[in-house]
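Chain by chain, the residues:
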Amino acid sequence: GNHTGLHRLNLMPGKAGQPSRINFTHYQHNPTNPNSLSYNRIFSIFEDHKGLLWIGTGAGLNQFDPTTGNITRYLHDPNNPRSLSHNSVNKVIRDPDGMFWAMTESGLNAFTPTFDRIERHGVADDFRCVALREAAAALADGKPERARRILEHLSDPTTEPDAVSTGKVAAGAYQAPARKPRR
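Note that the coordinates shown come from a computational prediction; the quantities given were computed from them, not determined experimentally.

This brings us to the environment of Ala-135. Mapped onto the elements, Ala-135 comes out in helix H1 (residues 127-140). Sequence separation between Ala-135 and Arg-146 is eleven residues; the distance between their C-alpha atoms is 8.8 Å.

Chain-level pLDDT for the chain is 79 on average; 77% of the residues reach the 70-or-more range. Across residues 167-177, where pLDDT falls below 50, the model places zero contacts with residues more than four positions away in sequence or in other chains.

Time to look at the environment of Glu-152. Of note, Glu-152 is situated in helix H2 (residues 146-154). Glu-152 sits 17 residues away from Ala-135 along the chain, and the two C-alpha atoms are 8.4 Å apart.

All right, on to the sheet that holds strand S5 (residues 60-64) then. Spatially, four strands are ordered S3-S4-S5-S6 in an open sheet, and the strand pairing comes out antiparallel. The sheet terminates laterally at strand S3 (42-47) and strand S6 (71-74), the two strands that pair on one side only. The average angle at which neighbouring strand axes cross in this sheet is 20°, direction not considered. Here four bridges tie S5 to S6, and the two strands are oriented antiparallel to one another. Looking across to S6, one finds that Phe-64 is bridged to Ile-71.

Here the focus is the side chain of Asn-10. Among the structural elements, Asn-10 can be located in strand S1 (residues 6-12). A polar contact is formed between the side chain of Asn-10 and the side chain of Thr-25, at a distance of 2.8 Å. Beyond its immediate sequence surroundings of up to four residues, Asn-10 is in contact with Arg-21, Ile-22, Asn-23, Phe-24 and Thr-25.

Quick look at the pairing of strand S9 (residues 107-112) now. Residues in a regular strand point their side chains to alternate faces of the sheet. Judged by how many residues are buried, S9 sits mostly within the fold: five of six residues are covered. Bridge count between strand S8 (residues 100-104) and S9: five bridges; the pairing is antiparallel. Counterpart to Trp-101 in the pairing with S9 is Ala-110. Summarising the sheet, S9 and strand S10 (residues 117-121) pair through five bridges and their orientation is antiparallel. By the bridge assignment for S10, Thr-112 is matched with Arg-117.

Tracing the backbone through its elements, the reader meets Asp-48 in the loop between S3 and strand S4 (53-57). Notably, Asp-48 is buried but unbridged: the nearest opposite-charge side chain belongs to Lys-50, and the N-O separation is 6.2 Å. A distance of 3.0 Å separates polar atoms of two side chains, one belonging to Asp-48 and the other to Trp-54. Residue contacts for Asp-48: discarding those within four places in its chain leaves Trp-54 and Phe-100.

Rules used throughout
Residues numbered from 1 in each chain as written. Predicted model: local features only at pLDDT ≥ 70, side-chain atom pairs only at ≥ 80, totals over all residues. Heavy atoms only, no water. Helix = DSSP H or I, 4+ residues; strand = E, 2+ residues; numbered from the N terminus. pLDDT = per-residue confidence, 0-100. Contact = heavy atoms within 4.5 Å. Pairing = 2+ DSSP bridges. Axes fitted to C-alpha atoms, helices over the stretch in contact; angles between N-to-C directions. Polar contact = N/O pair within 3.5 Å; in protein donor to acceptor, adjacent residues only side chain to side chain. Buried < 20%, exposed > 50% of the residue type's maximum accessible area, 1.4 Å probe, protein only. Lys, Arg positive; Asp, Glu negative; His and termini not counted. Salt bridge = Lys/Arg side-chain N within 4 Å of Asp/Glu carboxyl O.

See the structure below:
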């Protein structure tokens, strides 16, 4: 991650025969400005379908609008169960249903931006959190067979069926048929 905040590269095309100009706009934490980044150490950046950046830092989740330069902070509040479960946001992703997920030191947080609402899921030792953390590490490590290892982390390792389900459940597994040897 980056320890010096968010840096935006600005390219300004030169006029005919002139080189382009380059400069940076820096967005950093300012303790006297609640509209600045919540922390300079950035662990994760995700761009949503609207072009907004979701930035996981060591001290909260930040929403950055590149068009306006506005930053909105989402922080842990021990008195508010609809706040982040922890301020250290290690990863931010979006699932196919449009839900944002923030992985923190204390578990997963489902975030619905439309309603400015966060729902906490689990704690640090919750098997889903552990699996997601391990899958994210496998995705980032660059080693061979990442897809297989990620699927293994996210798969249910049990081999015995549950005795009786008390709710409506759809579950299953697929095992590819054995390949016939080539002749």
